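# Structural overview
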Amino acid sequence: MQFTKSEKEFFTKFEAELASTLSFNGDMPSRVLEQVSQYLCLGDSPKRVRPLLAYYFANMLELPMEDSIKIALASELIHSASLLHDDVIDEAEVRRGKLSANKFFSNAHSVLAGNYLISKAFRVLENFDKMILSQAIRVIEEM
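So, a few notes on the structure that sits alongside this text. All of these numbers come straight from a predicted model, not from anything done at the bench.

### So, the overall build of the protein
Helix and strand counts for the protein come out as 7 helices and 2 strands. Helices and strands appear in the protein in the N-to-C order α-α-α-α-β-β-α-α-α. Against the 2.2 N^0.38 benchmark of 15 Å for 143 residues, the protein shows a C-alpha radius of gyration of 15 Å, consistent with a compact globule. With the C-alpha coordinates aligned to their principal axes, the bounding extent of the protein is approximately 40 × 35 × 30 Å. The long-range share in the protein, meaning contacts at least 24 apart out of those at least 6 apart in sequence, stands at 66%.

### A look at the packing of helix 3 (residues 49–60) against helix 4 (residues 65–90)
As a packed pair, helix 3 and helix 4 sit with axes 8 Å apart at the nearest point and diverge in direction by 150°. When the interaxial angle is binned, helix 3 and helix 4 end up roughly antiparallel. You can see that helix 3 and helix 4 cross each other, and the crossing is right-handed. Only Met65, Ser68, Ile71, Ala72, Ser75, Glu76 and His79 of helix 4 make contact with helix 3, whose side of the interface consists of Arg50, Pro51, Ala54, Tyr55 and Ala58.

### Brief notes about the pattern of salt bridges
For the structure shown, the criterion picks out 8 salt bridges. Note that Arg48 and Glu15 form a salt bridge whose closest N and O atoms lie 2.7 Å from each other. Taken together, the residues Arg48 in the loop between helix 2 (31–41) and helix 3 and Glu15 in helix 1 (residues 5–21) connect sequence positions 33 residues apart. In this structure Arg48 comes out as buried when scored by relative accessible area, which is 5%. We note a salt bridge from Glu66 to Lys70, for which the minimum N-O separation is 3.4 Å. Taken as a pair, Glu66 and Lys70 lie in helix 4 at a separation of 4 residues, close to a single helical turn.

### Structural notes on a nonpolar patch on the surface
On the surface, Val49, Leu53, Tyr56, Phe57, Met60, Leu61 and Leu63 cluster together into a nonpolar patch covering about 680 Å² of accessible area. Residue placement: Leu61 occurs in the loop between helix 3 and helix 4. Among the residues examined, Leu61 registers a relative accessible area of 61% and is labelled exposed.

### Things to note about a negative patch on the surface
Together, Asp86, Asp90, Glu91 and Glu93 line one region of the surface with negative charge. Within the secondary structure, Asp86 is located in helix 4.

### Some remarks on the packing of helix 1 against helix 4
Interaxial distance between helix 1 and helix 4 falls to 10 Å at its minimum, and their mutual angle equals 55°. Our classification of the angle between helix 1 and helix 4 gives oblique. Helix 1 and helix 4 meet at a crossing whose hand is right-handed. Facing Ser6, Glu9, Phe10, Lys13, Phe14, Glu17, Leu18 and Thr21 of helix 1, the residues of helix 4 in contact are Met65, Ser68, Ile69, Ala72, Leu73, Glu76 and Leu77. Residues of the contact of helix 1 with helix 4, tallied by class, amount to 8 nonpolar, 3 polar and 4 charged.

### With respect to helix 1
Taking 1.5 Å per residue, 17 residues should reach 24 Å; helix 1 reaches 24 Å between its end C-alpha atoms and fits that length. When helix 1 is considered as a whole, its buried residues turn out to be Glu7, Phe10, Phe11, Phe14, Leu18 and Thr21. Seen end-on, helix 1 carries its buried residues on one side only, within an arc spanning 95°. Exposed residues pointing more than 90 degrees away from the buried face of helix 1 are listed as Lys5 and Thr12.

How each quantity is defined
The residue count restarts for each chain, going from 1 along the sequence in the order it is written. Two thresholds apply to this predicted model, a pLDDT of at least 70 for residue-level local features and 80 or more for giving and counting side-chain atom pairs, whereas whole-chain, interface and lining totals are computed over all residues. Neither water nor hydrogens contribute to the side-chain values; these are computed over all heavy atoms in the structure. Counting from the N terminus, the helices are the DSSP runs of H or I reaching at least four residues and the strands are the DSSP runs of E reaching at least two. For the radius of gyration, the atoms used are the C-alpha atoms, and the globule rule reads 2.2 Å times the number of residues raised to 0.38. Any two residues whose heavy atoms approach within 4.5 Å at even a single point are treated as in contact. To obtain an axis, a line is fitted to C-alpha atoms, over the contacting stretch when the element is a helix, and the angle between two such axes runs from 0 to 180 degrees between their N-to-C directions. Roughly parallel means an angle under 35 degrees; roughly antiparallel, over 145; roughly perpendicular, 65 to 115; everything else is oblique. Left-handed is the label given to a crossing in which the near helix is rotated counterclockwise from the far helix by less than a right angle, and right-handed is the label when the rotation is clockwise. Each reported salt bridge corresponds to a side-chain nitrogen of Lys or Arg within 4 Å of a carboxyl oxygen of Asp or Glu. For every residue, the accessible area (1.4 Å probe, protein chains only) is compared with the maximum for its type, and the residue is labelled buried under 20%, exposed over 50%, or partly exposed between those bounds. Patches were defined on residues exceeding 30% relative accessible area and lacking a salt bridge, with like-charge contacts within 9 Å and nonpolar side-chain contacts (Val, Leu, Ile, Met, Phe, Trp, Tyr) within 5 Å. In these tables, accessible area is a Shrake-Rupley quantity obtained with a 1.4 Å probe, and a residue counts as shielded only by the protein chains included in the view. Only four residue types enter the charge count: Lys and Arg as positive, Asp and Glu as negative, with His and the chain ends excluded. The atoms used to mark charge sites are NZ of Lys, CZ of Arg, CG of Asp and CD of Glu. For this classification, Asp, Glu, Lys and Arg are treated as charged, while Ala, Val, Leu, Ile, Met, Phe, Trp, Tyr, Cys and Pro are nonpolar and the rest, including Gly, are polar. By this rule the span expected of a helix is its residue count minus one, scaled by 1.5 Å. The arc in question is traced by the directions running from the helix axis to the C-beta atoms.

This is how it looks when you write it as structure tokens:
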């Protein structure tokens, strides 16, 4: 897929923000959470469909790129958390062609990392309109 200059800029900034969010040097509380989160979120060629959709919707609403990056980041964190939790529930052994995080680390570490990613998503969205945060909470409830 060919990306425009603006889309490339968005993805460059998004990936940097995601890596920073998942870095122990940021506010990650433990190395294990960092490892589990990075194993899933920064792994081999994720599709990044949610961030791309967030970028397009933010552009339609003429939001600043910083806001579109935050919304994309929150959506990716929530999605990743759902995958971590799902793999534990389903006792999955493989995710994206490699050992699932729950098999590579443990069920407990995967659940903790998933919970942490959800809390980070809420932190990313905390300064947005309450309606956006409310919608994120509804998504989590439905999961």
